[in-house]
Amino acid sequence: MFDYIINVSGYILEGSIVTFQLYFVTAIFSVIVGIAGALGKISKIPLLESILSLYTWVFRGTPLLLQLFFAYYGLPVLGITLQPFPAAALTFIINYGAYFTEIFRGGIESIDEGQYEAAKVLGMNYRQTMSRIIIPQTVKRVLPATSNEAINLVKDSALVAVIGLGDLLRAAKVAVTRDFSIIPFIIAAVFYLVISSVIVTAFRKLEEKYSVYE
């Protein structure tokens, strides 16, 4: 039994490579999209605000699985064909970017107007005000919501199995079908819990680091 658990764990870990690749690609680029989107929504440019509001409304209001199906199965109808991983990465980045846009926008707008006025009195320009005063305080305020999204991303990554990507969950499912045992599912659950626990711990450390901005 022990040898079987070791062998299956190794097989599932091979599948987790895709899970980690998708996670990090999505985490990096969706945060960039979110920051850009948040700054756009507070830019006071009506057309840009309207476009970004439509973007967040559509991608937060429709299921991620439907968006994944559209990217992989729907785009070829329009003459655009993507391989499974690029289709999954694009979908996840756009979807999570929409959530981060609203999270970061709310964080920035929660900062008291007096902070901007104080920065102006000190002779700071917009970039200096955002980078030295507003953003550090915003980071502290959005960490809990960002942590939740980071954990959701781990779990949502399992959806890519439906378009044939060999991720952690798909590897576990193959092992269950092959061996007619539920142990691979249990091992997969342990892996997901470990990954989520690491993320929670990392965000707690970040919260402690930014507590100086309370």
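Since this is a predicted model, take the numbers as computed values, not measurements. (Residues numbered from 1 in each chain as written. Predicted model: local features only at pLDDT ≥ 70, side-chain atom pairs only at ≥ 80, totals over all residues. Heavy atoms only, no water.)

Enquirer: Tell me about the overall build of the protein, and name the residues and values.
Expert: Across its full length, the protein holds eight helices and zero strands. Counted from the first residue to the last, the protein has its helices and strands arranged as α-α-α-α-α-α-α-α. Referenced to the eigenvectors of the C-alpha coordinate spread, the extents of the protein come out at roughly 70 × 45 × 20 Å. When each of the 214 residues of the protein is scored for burial, the buried share is 40%. Accessible surface computed for the protein: about 12200 Å², of which carbon and sulfur atoms make up 68%. Once the 16 positive and 15 negative side-chain charges of the protein are each reduced to a mean point, those two points are 3 Å apart. (Helix = DSSP H or I, 4+ residues; strand = E, 2+ residues; numbered from the N terminus. Buried < 20%, exposed > 50% of the residue type's maximum accessible area, 1.4 Å probe, protein only. Areas by Shrake-Rupley, 256 points an atom, 1.4 Å probe, with all protein chains shown as cover. Lys, Arg positive; Asp, Glu negative; His and termini not counted. Charge placed at Lys NZ, Arg CZ, Asp CG, Glu CD.)

Enquirer: A description of the UniProt feature "transmembrane region" (unreviewed entry) in the protein should follow, citing residues and the corresponding values.
Expert: Sites flagged by UniProt as "transmembrane region" (unreviewed entry) map to residues 20–40, 52–75 and 182–203. Each end of residues 20–40 is marked by a C-alpha atom, and these two atoms are 30 Å apart; helix forms 100% of the span and strand 0%. Across residues 52–75, the secondary structure splits into 88% helix and 0% strand, with the terminal C-alpha atoms separated by 22 Å. (UniProt positions renumbered as here; feature names shortened; annotations may be inferred.)

Enquirer: Tell me about a nonpolar patch on the surface, residues and numbers included.
Expert: On the surface, a cluster of nonpolar side chains totalling about 500 Å² of accessible area is made up of Phe20, Phe24, Ile28, Phe29 and Ile32. On the secondary structure map, phenylalanine 29 appears in helix α1 (residues 2–41). Judged by its relative accessible area of 45%, phenylalanine 29 is partly exposed. (Patch = residues over 30% accessible without salt bridge, like charges linked within 9 Å, V, L, I, M, F, W, Y side chains within 5 Å. Salt bridge = Lys/Arg side-chain N within 4 Å of Asp/Glu carboxyl O.)

Enquirer: I'd like a rundown of the environment of leucine 78, residues and numbers included.
Expert: Secondary-structure assignment places leucine 78 in the loop between α3 (64–74) and α4 (84–109). For leucine 78, a relative accessible area of 61% puts it in the exposed group. Expressed as a C-alpha distance, the spacing of leucine 78 and valine 194, which sit 116 residues apart in the sequence, is 40 Å.

Enquirer: Account for unusual backbone geometry, with residues named and values stated.
Expert: One non-glycine residue, lysine 44, lies in positive phi territory at about 70°. By the secondary structure assignment, lysine 44 is in the loop between α1 and α2 (46–61).

Enquirer: How would you explain the side chain of serine 30 if you had to name every residue and give the values?
Expert: Within the fold, serine 30 resides in helix α1. Overall, serine 30 belongs to the buried group, its relative accessible area being 0%. Only 2.5 Å separates the side chain of serine 30 from the backbone oxygen of threonine 26, close enough to count as a polar contact. Contact partners of serine 30, with chain neighbours within four places excluded, come to Ile93, Tyr96, Gly97 and Phe100. (Polar contact = N/O pair within 3.5 Å; in protein donor to acceptor, adjacent residues only side chain to side chain. Contact = heavy atoms within 4.5 Å.)

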